[in-house]
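Spelled out from the first residue to the last, the chains are:
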Amino acid sequence: MSTRSRSTGFTLIELLVAVAILGLLATLAGMAAFHGTTRVRVSNAAFEVGALYSAAQMRATSLGVPHYVVFHDDGTDFGAYLLERADALGAYNWASDDVMNAALVGGTRHEHLRLSRESGLGFVNFAAPPPDLKPLPAPFASIPLTASGSGRLLSGCSFCTAGTGGARGVIRFSPNGTVRVMTGSAEAGGVVAFAPDSRGFQSGPPRLVVIATPAGAIRVF
């Protein structure tokens, strides 16, 4: 009795199915890697801003000169820089004047975080907060999680405001160790909340950088 043996090769349909499965796996792996990278960038941005606060605080008390952390967003680029600026230079209208005009602001910039270069990084929209956004614990509970306006930085910054050249938020670190918010109407302190850029449909938990005034307590949540 004779039997028919099957060819050891693959049919065209089997090859197409295998290619489709491999393509799906590659897509899923790429998405997981991308979202994972985005979460890392969100966390890195928050901790870098927290470190910038700490540097401003230490430099102000050790050098005896006020230091400022200045957030900026012109609609294209956003970031934050550390500014050493003596009071002898005179008052500056942080709420409305161009904070990116170095000649007008004066002082010396020591570090600049160009956060817009981090792909997938955005801000929480406090006007429509995500469900996983939790209230701040003590001693930061009195700091409101509210948007200061519409737009990228304004929606995720409780103390920012719009002015010449775009949105900005400024925090002053005094030589005596106290902290003051120079923009917006924040009294108890300020919050900047980073999140994946919603335009890219990324997901992930937000990261909040909180500073209390006038004591200057800093925390990243």
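Enquirer: Hey, could you run me through the nonpolar core in this one?
Expert: Note on soluble globular proteins: their nonpolar side chains tend to be buried together. With 32 residues, the main nonpolar core has Tyr-53, Val-69, Phe-71, Phe-159, Phe-173 and Phe-194 as its most contacted residues. Per-element accounting of this core gives the leading share, eight residues, to helix H1 (residues 12–63). Setting aside residues up to four positions removed in sequence, Phe-194 forms contacts with Val-42, Ala-45, Ala-46, Val-49, Leu-115, Leu-121, Gly-122, Phe-123, Val-124, Pro-206, Arg-207 and Val-209. By size, the runner-up hydrophobic cluster in this structure holds twelve residues, among which are Phe-126, Ile-143, Ala-193 and Leu-208.

Enquirer: How should the packing of aromatic side chains be read in this particular structure?
Expert: Note on aromatic pairs: each is described by the distance of the centres and the angle between the planes. Tallied over the full model, the rule gives eight aromatic pairs. Each ring, one from Tyr-53 and one from Phe-71, has its centre 6.3 Å from the other, and the planes form 85°; the classification is edge-to-face. A residue pair is termed long-range when its members are at least 10 positions apart, and Tyr-53 in helix H1 and Phe-71 in strand E1 (residues 67–73) qualify at 18 residues. The pair formed by Tyr-53 and Phe-71 is uniform in burial state, with each residue classed as buried. Note on Tyr-92 and Trp-94: the rings are 5.1 Å apart at their centroids and 65° apart in plane angle, and the pair reads as edge-to-face. Like Tyr-92, the residue Trp-94 is buried in the burial classification.

Enquirer: Would you mind showing me how to read the sheet that holds strand E10 (residues 218–220) here?
Expert: Hydrogen bonds between backbone atoms are what pair the strands of a sheet, whose relative direction is either parallel or antiparallel. Taken in spatial order, the four strands line up as E4-E8-E9-E10 in an open sheet, and their pairing is antiparallel. Edge positions in the open sheet fall to strand E4 (121–123) and E10, since each of these has one partner strand only. For this sheet, the mean inter-axis angle between neighbouring strands, taken without regard to orientation, is 20°. By the bridge criterion, six bridges tie strand E8 (residues 189–196) to strand E9 (residues 207–212) in an arrangement that is antiparallel. When the sheet's bridge partners are listed, Val-191 is paired in E9 with Val-210.

Enquirer: I'm lost on the side chain of Arg-168 in this one. Help?
Expert: Looking at the element boundaries, Arg-168 is found in strand E6 (residues 166–173). Despite being buried, Arg-168 has no salt bridge partner; Asp-98 is the closest side chain of opposite charge, sitting 5.3 Å away. A polar contact of 2.9 Å, which involves the side chain of Arg-168, links it to the backbone oxygen of Trp-94. Reaching out from Arg-168, the side chain makes a polar contact with the backbone oxygen of Gly-166 at a distance of 3.1 Å.

Enquirer: Can you walk me through the side chain of Glu-84 in this structure?
Expert: Structurally, Glu-84 can be placed in strand E2 (residues 78–84). Reaching out from Glu-84, the side chain makes a polar contact with the side chain of Arg-59 at a distance of 3.0 Å.

Enquirer: Looking at this structure, how should I read the environment of Val-191?
Expert: Tracing the backbone shows Val-191 in strand E8. Sequence separation between Val-191 and Phe-140 is 51 residues; the distance between their C-alpha atoms is 9.8 Å. If sequence neighbours within four positions are ignored, Val-191 has contacts with Phe-126, Leu-136, Ile-143, Leu-145, Gly-156, Cys-157, Ser-158, Phe-159, Leu-208, Val-209 and Val-210.

Enquirer: How should I be thinking about the confidence of the model for the protein chain in this particular structure?
Expert: Should pLDDT be low for a region, the predicted coordinates there are not to be read in detail. With 81% of its residues at a pLDDT of 70 or more, the protein chain shows a mean pLDDT of 85. Every residue in residues 1–7 scores below 50 in pLDDT, and together they form one contact with partners more than four places removed in sequence or on other chains. Counting interchain partners and residues more than four positions distant, the pLDDT-below-50 stretch residues 24–35 has four contacts.

Enquirer: Sorry, what's going on with the pattern of salt bridges here?
Expert: When charged atoms on two side chains of opposite charge get close, those side chains can pair. Enumeration according to the criterion identifies four salt bridges in this entry. Across the pair Arg-152 and Asp-73 runs a salt bridge whose closest N-O atoms are separated by 2.7 Å. Of this pair, Arg-152 sits in helix H3 (residues 152–155) while Asp-73 sits in strand E1, and the two are 79 residues apart along the sequence. Residue Arg-152 is classed as partly exposed on the basis of its relative accessible area of 24%. Linking Arg-172 and Asp-87 is a salt bridge whose minimum nitrogen-to-oxygen distance equals 2.9 Å.

About the cut-offs
- Residues numbered from 1 in each chain as written.
- Predicted model: local features only at pLDDT ≥ 70, side-chain atom pairs only at ≥ 80, totals over all residues.
- Heavy atoms only, no water.
- Core = buried A, V, L, I, M, F, W, Y, C linked by side-chain atoms within 4.5 Å.
- Buried < 20%, exposed > 50% of the residue type's maximum accessible area, 1.4 Å probe, protein only.
- Helix = DSSP H or I, 4+ residues; strand = E, 2+ residues; numbered from the N terminus.
- Contact = heavy atoms within 4.5 Å.
- Phe/Tyr/Trp six-rings, centres within 6.5 Å; stacked < 30°, edge-to-face > 60°.
- Pairing = 2+ DSSP bridges.
- Axes fitted to C-alpha atoms, helices over the stretch in contact; angles between N-to-C directions.
- Lys, Arg positive; Asp, Glu negative; His and termini not counted.
- Salt bridge = Lys/Arg side-chain N within 4 Å of Asp/Glu carboxyl O.
- Polar contact = N/O pair within 3.5 Å; in protein donor to acceptor, adjacent residues only side chain to side chain.
- pLDDT = per-residue confidence, 0-100.

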